[in-house]
Amino acid sequence: VERSGIVDAPLDGLESRTIVEAGETTPCAVDGVLTTLSLRPVTGRRHQLRRHCAEALDAPILGDDLHCSGVAPRKGIGLFLYCRSVAFEHPSEDARTIACAIDE
């Protein structure tokens, strides 16, 4: 993935939208290049981020053996997907954001 933008691709017949921001790229002997992405789901569909990366961007998340068609799965390494923050509207209070720092 070389650019940022919006993936607007229905999943299972339902509207589905993800904001994608491409970050650093790292050379990889096995996969060629790995790209760090910032993914922000606008809608909330099952496996939305995994499917948008694999199906719409043709760049499955590293370690995703479920949605890695055409790419050799990497069994046993785990899914390289990290949630940095979650924000949501609370029904009786102000909006909430929960954030986690990533260990470098």
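So, here is what we can say about the structure in this document. (Residues numbered from 1 in each chain as written. Predicted model: local features only at pLDDT ≥ 70, side-chain atom pairs only at ≥ 80, totals over all residues. Heavy atoms only, no water.)

### Observations concerning the overall build of the protein
Point 1. When you go through the protein residue by residue, the secondary structure sums to 1 helix and 5 strands.
Point 2. Reading the secondary structure of the protein in the N-to-C direction produces β-β-β-α-β-β.
Point 3. Out of the 104 residues belonging to the protein, those deemed buried represent 18%.
Point 4. Considering only residue pairs separated by 6 or more positions, the protein has 27% of its internal contacts joining residues 24 or more positions apart.
Point 5. A total of about 7,700 Å² of accessible surface is found on the protein, and carbon and sulfur atoms cover 52% of it.
Point 6. Computing the positive centroid from 11 side-chain charges and the negative centroid from 16, the protein places the two 4 Å apart. (Helix = DSSP H or I, 4+ residues; strand = E, 2+ residues; numbered from the N terminus. Buried < 20%, exposed > 50% of the residue type's maximum accessible area, 1.4 Å probe, protein only. Contact = heavy atoms within 4.5 Å. Areas by Shrake-Rupley, 256 points an atom, 1.4 Å probe, with all protein chains shown as cover. Lys, Arg positive; Asp, Glu negative; His and termini not counted. Charge placed at Lys NZ, Arg CZ, Asp CG, Glu CD.)

### Comments concerning the sheet that holds strand E2 (residues 17–28)
Point 1. Taken in spatial order, the 3 strands of this open sheet run E1-E2-E3, and their pairing is antiparallel. Each end of this open sheet is capped by a strand with a single partner; those strands are strand E1 (5–8) and strand E3 (32–41). If you compare each strand with its neighbour and ignore which way they point, the axes differ by 40° on average.
Point 2. In terms of strand pairing, E1 meets E2 through 4 bridges, oriented antiparallel. Bridge pairing in E2 links Asp-8 to Arg-17. (Pairing = 2+ DSSP bridges. Axes fitted to C-alpha atoms, helices over the stretch in contact; angles between N-to-C directions.)

### Some remarks on the pairing of E3
The side chains of a regular strand alternate, residue by residue, between the two faces of the sheet.
Point 1. The pairing of E2 with E3 spans 9 bridges and is classified as antiparallel. Paired with Thr-25 across the strands is Thr-35, a residue of E3.

### Quick look at the side chain of Ser-16
Point 1. With respect to the helices and strands, the residue Ser-16 is situated in the loop between E1 and E2.
Point 2. Overall, the relative accessible area of 1% leaves Ser-16 in the buried class.
Point 3. Polar side-chain contacts of Ser-16 include one of 3.5 Å to the side chain of Gln-48.
Point 4. There is a polar contact of 3.3 Å between the side chain of Ser-16 and the side chain of His-52.
Point 5. Not counting residues up to four positions away in its chain, the partners in contact with Ser-16 are Val-7, Asp-8, Ala-9, Pro-10, Leu-11, Thr-43, Arg-45, Gln-48 and His-52. (Polar contact = N/O pair within 3.5 Å; in protein donor to acceptor, adjacent residues only side chain to side chain.)

### Looking at the pattern of salt bridges
As a working rule, side chains carrying opposite charge can pair if their charged atoms are close by.
Point 1. Throughout the structure, instances matching the rule amount to 7 salt bridges.
Point 2. Here Asp-12 ties to Arg-51 by a salt bridge, and the two come within 3.2 Å at their closest N and O atoms. Of the two residues, Asp-12 is situated in the loop between E1 and E2 and Arg-51 in helix H1 (residues 48–56); the sequence distance between them amounts to 39 residues.
Point 3. Looking at Asp-12, the relative accessible area reads 64%, which means it is exposed.
Point 4. The exposure class assigned to Arg-51 is buried, which follows from its relative accessible area of 15%. (Salt bridge = Lys/Arg side-chain N within 4 Å of Asp/Glu carboxyl O.)

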